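In case you want the letters, here they are:
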Amino acid sequence: MTQQATPGRISPEELIALALDPGSFRTWDRPLPRLAIEEGYAEELAAAKAKSGRDESIITGEGSIEGRRVAVILSEFTFLGGSIGVSAATRITEAIEKATHLGLPLLASPVSGGTRMQEGTAAFVQMARITAAVNAHKRARLPYLVYLRHPTTGGVFASWGSLGHVTAAQPQAMIGFLGPKVYKALFGKEFPAGVQQSENLHRHGKIDAVTHPRHLRKFIIGILTVLNANPDELRTGNHPDSAPAVDDADTGARETQSWPAVTASRLPLRPGLRDFLRLAAGDLVPLGGTAGESPKTLAIALATIGGRGTVVVGLDRKGADGGATFGPAELREARRGMDLAEALGLPLLTVIDTPGAELSKEAEEGGLGQEIALTLAKLLDLRVPTMTLLLGQGAGGGALALFPTDRIVAFSNSWLAPLLPEGASAIVHGNTRHAGAMAQQQRVSASAMFQDGLLDEVLEEPDSFQARSANIFLAKAASAVDQHLRDIATTDLDVLIKDRSRRYVPGRP
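Cut-offs and rules
- Residues numbered from 1 in each chain as written.
- Predicted model: local features only at pLDDT ≥ 70, side-chain atom pairs only at ≥ 80, totals over all residues.
- Heavy atoms only, no water.
- pLDDT = per-residue confidence, 0-100.
- Contact = heavy atoms within 4.5 Å.
- Buried < 20%, exposed > 50% of the residue type's maximum accessible area, 1.4 Å probe, protein only.
- Helix = DSSP H or I, 4+ residues; strand = E, 2+ residues; numbered from the N terminus.
- Pairing = 2+ DSSP bridges.
- Phe/Tyr/Trp six-rings, centres within 6.5 Å; stacked < 30°, edge-to-face > 60°.
- Patch = residues over 30% accessible without salt bridge, like charges linked within 9 Å, V, L, I, M, F, W, Y side chains within 5 Å.
- Areas by Shrake-Rupley, 256 points an atom, 1.4 Å probe, with all protein chains shown as cover.
- Salt bridge = Lys/Arg side-chain N within 4 Å of Asp/Glu carboxyl O.
- Axes fitted to C-alpha atoms, helices over the stretch in contact; angles between N-to-C directions.
- Parallel < 35°, antiparallel > 145°, perpendicular 65-115°, else oblique.

A. Region of interest: the confidence of the model for the chain. For the chain, per-residue confidence averages 88 on the pLDDT scale, and residues scoring 70 or more make up 90% of the total. Within the model, pLDDT remains below 50 along residues 233-251, and this stretch shows 36 contacts once partners closer than five positions in the same chain are excluded. Note that pLDDT drops below 50 for residues 290-294; the model gives that stretch 8 contacts with residues more than four away or on any other chain.

B. Structural view of helix α11 (residues 273-280). Judged by how many residues are buried, α11 sits mostly within the fold: 6 of 8 residues are covered. Turning to α11, its buried residues number three or more, namely L273, R274, F276, L277, L279 and A280.

C. Summary view of the pairing of strand β5 (residues 144-148). Buried residues dominate β5, accounting for 5 of its 5 residues. Burial along β5 is two-sided: the residues Y144, V146 and L148 and L145 and Y147 are all buried. Inspection of the sheet shows strand β4 (residues 106-109) paired to β5 by 3 bridges, in the parallel sense. Pairing of L107 across the sheet is with L145, part of β5. Bridge analysis of β5 against strand β6 (residues 166-169) gives 4 bridges, and the strand direction is parallel. Bridge pairing links L145 to V166 in β6.

D. How the structure looks around the packing of aromatic side chains. Under the definition given, this model contains 2 aromatic pairs. Ring geometry for F411 versus F473: centroids 3.8 Å apart, planes at 15 degrees, classification stacked. Of this pair, F411 sits in strand β13 (residues 407-411) while F473 sits in helix α19 (residues 467-488), and the two are 62 residues apart along the sequence. Geometrically, the ring pair formed by F465 and F473 is edge-to-face, given 5.0 Å between the ring centres and 85 degrees between the ring planes. Across the pair, F473 and F465 agree in class, each one buried. Within the aromatic cluster, the residues linked to one another by ring pairs are F411, F465 and F473.

E. Fine view of a nonpolar patch on the surface. Together, V182, L186 and F187 line one region of the surface with nonpolar side chains, adding up to about 310 Å² of accessible area. Here V182 is to be found in helix α7 (residues 180-187).

F. Expanded view of the packing of helix α10 (residues 258-265) against helix α17 (residues 435-442). Put simply, α10 and α17 touch, their axes get as near as 7 Å, and they point 110 degrees apart. In terms of axis orientation, α10 runs roughly perpendicular to α17. In contact with S258, W259 and V262 of α10, α17 contributes A435, G436, A439 and Q440.

Have a look at this one:
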């Protein structure tokens, strides 16, 4: 078996030098009182202090990143493996509370074996205390960013190491709950190789990015730029860095036959979600494995659109390995994006372009139907402004789960249906030959939906897609999203939530 490479450990000083503005760091640490619980291992503490040159396993303070004040909490692994006892927990909690009081974003970078075994249960329950402080910080809608270093395990990973609005990890870092030494001692065999590696967690959507320490500063700058975007400081209209202006005067819909729209939405050259993000986003931070050689069907990103910080959650027909269907895991990830928008107070943009859900034994056993219901319910009650861009295909419950927002815009050849027209034909006629007639009968096209009051705007699109026409197509989308997000930005949230479902009431005014 090939020996897995072990990443180097990054010291707090190295991370400060890489992430913060030079010379900006100021410590918040103050002397900690000696606790009775520490008397039982006083010699170990003294040796740890001598080895590390520190009084505890935690360093706290503040600095700046491109001039923005940022609070930091950093673990020191050379002090008893970065373990957390009562004194270390006190330092962490006080730093989180101070960051909350000062209104500062917080960067936490643990590297730890977990709870300090010498202090037992008294230390273990400190994870609840730290978590409560993180919750208060997040309730204040202040960013909590986590960078997991090698290794981060146990109670630290299972508490403040896993609560980030955005979480990145060091390449090849060992990240997990159960330490491999404990596993071997308990079960008499090695823990399976690669399971607790940061890259594997990223592939499974448990962390947002694997980022080398030398790239951490750029990663954080991207996040803070989106979170601090203020569209009120920008002139009305397109963002200066966005695509060229297009004529958006026509907000209605020319009559479109449903089946031609369905076939047009499947053209290989038709732009997809990631094409839209590349053109529309002034700043873009892909999360959860959305940027890679094999992108997922569902994408989450922080982005500035028209200068406004936005969370984007989208279903992309150009998903991983050409597979465009989605399953329960993608819907759970979609709700995670909704939670992120609500936690940070950012508007949510959903983008729909999918031929439907995965139809399989695994999807059924994974609770596909329940996940659709939970996602739909979450979106309808979300306490931030929301908008949908129907970019192309919209088949099935998963598309519906991202559909009912405050403003809904669709391209003229996009559509929404309870099932692929071929599937509807099979149900009604016993074959797929009547797909076109079923699409027309079900009024799935954007023009029909607009007439039925289900859309706020329909954007006309070109008959074919070349480089220039694709850019015009995407620029229309960017302009429409920008304008509608501006329109709803100041609307009372209670009014928005009440109105989200009213458009579906027959005969509504």
